[in-house]
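One-letter residues, chain by chain:
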Amino acid sequence: AQSVSQHNHHVILSEAASLELGCNYSYGGTVNLFWYVQYPGQHLQLLLKYFSGDPLVKGIKGFEAEFIKSKFSFNLRKPSVQWSDTAEYFCAVNQDTNAGKSTFGDGTTLTVKP
Amino acid sequence: DAGITQSPRHKVTETGTPVTLRCHQTENHRYMYWYRQDPGHGLRLIHYSYGVKDTDKGEVSDGYSVSRSKTEDFLLTLESATSSQTSVYFCAISGPLQGMSSGNTIYFGEGSWLTVV
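None of the values given here were measured: they were computed from a predicted structure. (Residues numbered from 1 in each chain as written. Chains lettered and ligands numbered in written order. Predicted model: local features only at pLDDT ≥ 70, side-chain atom pairs only at ≥ 80, totals over all residues. Heavy atoms only, no water.)

Student: Describe the side chain of R44 of chain B, with residues and values.
Tutor: Residues and elements named next belong to chain B. Here R44 is to be found in strand 5 (residues 42–51). Within polar-contact distance, the side chain of R44 engages the side chain of D38 at 2.9 Å. Sequence-distant contacts of R44, that is, excluding residues within four places in its chain, are made with W34, Y35, R36, D38, E59 and V60. (Helix = DSSP H or I, 4+ residues; strand = E, 2+ residues; numbered from the N terminus. Polar contact = N/O pair within 3.5 Å; in protein donor to acceptor, adjacent residues only side chain to side chain. Contact = heavy atoms within 4.5 Å.)

Structural data, given as C-alpha cells:
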C-alpha cells in the first residue's frame, strides 16, 4: 500500500523567509502527486500537481514543487513566504487508475509571523 | 472552485441517532468521495463511488454507509452515531467526466462539522 510522509508537523517562519516542506511517498509504480493547502476553517484547495513531464512544477501563489523520482520525494517550496500563507499543507499521492484512492500525508502546519 | 455543496455544514446530534450528510456536485464528475479529517490523522477515506450505484469502502468505513442514486448526489449515513464519529467530513469529486476516460485531480467541498454528544 502506498503511504505519504510529511516530515515536519509544524513550521514557524518569519515573513520573507524561504519555505521548503518535505514529502516522501512509498510506491514503486507511476504516481500522481499533489499539494493542497487548507486555510483555517476552510476546505482543501489544490496548490499544484504533477502527473508527468517537467519535474519542477509551478502552482498558484508562487509555490513550486520538485519531483525527484530517485528519492521518492515531492517537496514544496516558496522563495518568500507571506503572513497569508499561514495554513496547513497536505501532500497526496494517487495512481492513474483511481484518483480518489489518494493517500494524504498528515499535514504540515505553517505559521508565518508578520 | 468546483461546484460542490455539502449539507448540513454544521450539526450536533445525540449518540445513537442516525445522521445523513449530503454532497451535491454540478460538475458531472464520475468519482465522488467522503473523507473525514481529524487532528493527528490527516484525511482518511470513508467510502467512494465511481458511478451511480457503484460504491466501495475506504480505510475507515465501519459505522458508515453511502448511496449514490444520481450522478450529482452522494449521501453519507452514520447509522447510529457515536462520539468517535465527531469529525469534519469532506466530500470530494474527481474526473473523468461521465462518459470520458481521464482525470485525477480531486476537488473538495467546504466540509461538514459533525458533533456527536
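Student: Lay out the interface of chain A and chain B with the relevant residues and their values.
Tutor: Facing the 25 residues of chain A at the interface are 21 residues of chain B. Both faces considered, chain A and chain B share a buried interface measuring about 1700 Å² in area, 55% of it formed by carbon and sulfur atoms. The interface formed by chain A and chain B holds 2 residue pairs in polar contact (both at pLDDT 80 or more) in total. In terms of residue count, strand 5 (residues 32–38) of chain A provides more of the side of chain A that touches chain B than any other element does, 4 residues in total. A breakdown of the residues in the side of chain A that touches chain B according to their chemical character gives 8 nonpolar, 12 polar and 5 charged. (Buried area = accessible area lost by both parts, 1.4 Å probe. Nonpolar A, V, L, I, M, F, W, Y, C, P; charged D, E, K, R; others polar.)

Student: Before we move on, can you summarise the packing of aromatic side chains with the specific residues and values?
Tutor: Each pair of aromatic rings is reported with the distance of its centres and the angle of its planes. Counting across every chain of the model gives 17 aromatic pairs over all chains. On the basis of an interplanar angle of 45 degrees and a centroid distance of 5.6 Å, the ring pair of F63 of chain A and Y89 of chain A is categorised as tilted. Here the residue F63 of chain A occupies a position in the loop between strand 7 (56–58) and strand 8 (64–68), and Y89 of chain A occupies one in strand 10 (residues 87–94), the gap between them amounting to 26 residues. Accessibility classification places F63 of chain A together with Y89 of chain A in one group, the buried group. Between Y48 of chain B and Y50 of chain B, the ring centres sit 6.0 Å apart and the planes meet at 50 degrees, which makes this aromatic pair tilted. Put simply, the rings of F34, Y36, F51 and F104 of chain A together with Y31, Y33, Y35, Y48, Y50, F90 and F108 of chain B touch in pairs and so form one group of aromatic residues. (Phe/Tyr/Trp six-rings, centres within 6.5 Å; stacked < 30°, edge-to-face > 60°. Buried < 20%, exposed > 50% of the residue type's maximum accessible area, 1.4 Å probe, protein only.)

Student: Tell me about the environment of G3 of chain B, residues and numbers included.
Tutor: Residue and element names in this part refer to chain B. Considering the arrangement of structural elements, one finds G3 in the segment before strand 1 (4–7). Taking relative accessible area as the criterion, G3 reaches 19% and is therefore assigned buried. Separated by 27 residues in the primary sequence, G3 and R30 have C-alpha atoms spaced 14 Å apart. G3 has contacts with H24, Q25, T26 and E27, leaving out every residue within four places of it along the chain.

Student: Quick one: what's the story with the state of the cysteines, residue by residue and with numbers?
Tutor: Residue and element names in this part refer to chain B. All told, the structure shown has 2 disulfides over all chains when counted by the stated rule. Residue pairing for C23: its cysteine sulfur links by disulfide to C91, the two sulfurs lying 1.9 Å apart. Given an S-S torsion of about -70 degrees, the disulfide between C23 and C91 has left-handed geometry. Of this pair, C23 sits in strand 3 (residues 19–25) while C91 sits in strand 9 (residues 87–97), placing them 68 residues apart in sequence. Grouping residues by exposure puts C23 and C91 together as buried. (Disulfide = S-S within 2.5 Å.)

Student: How would you summarise the sheet that holds strand 7 (residues 64–70) of chain B if you had to cite specific residues and measurements?
Tutor: Residues and elements named next belong to chain B. The 4 strands are arranged 1-3-8-7 in an open sheet whose pairing can be described as antiparallel. The open sheet has two edge strands, strand 1 and strand 7, and neither has a second partner. Looking at each pair of strands side by side, their axes are set apart by 15 degrees on average, direction ignored. Bridge count between strand 1 and strand 3: 4 bridges; the pairing is antiparallel. When the sheet's bridge partners are listed, I4 is paired in strand 3 with Q25. (Pairing = 2+ DSSP bridges. Axes fitted to C-alpha atoms, helices over the stretch in contact; angles between N-to-C directions.)

The quantities given are spatial measurements derived from coordinates; they are silent on function.
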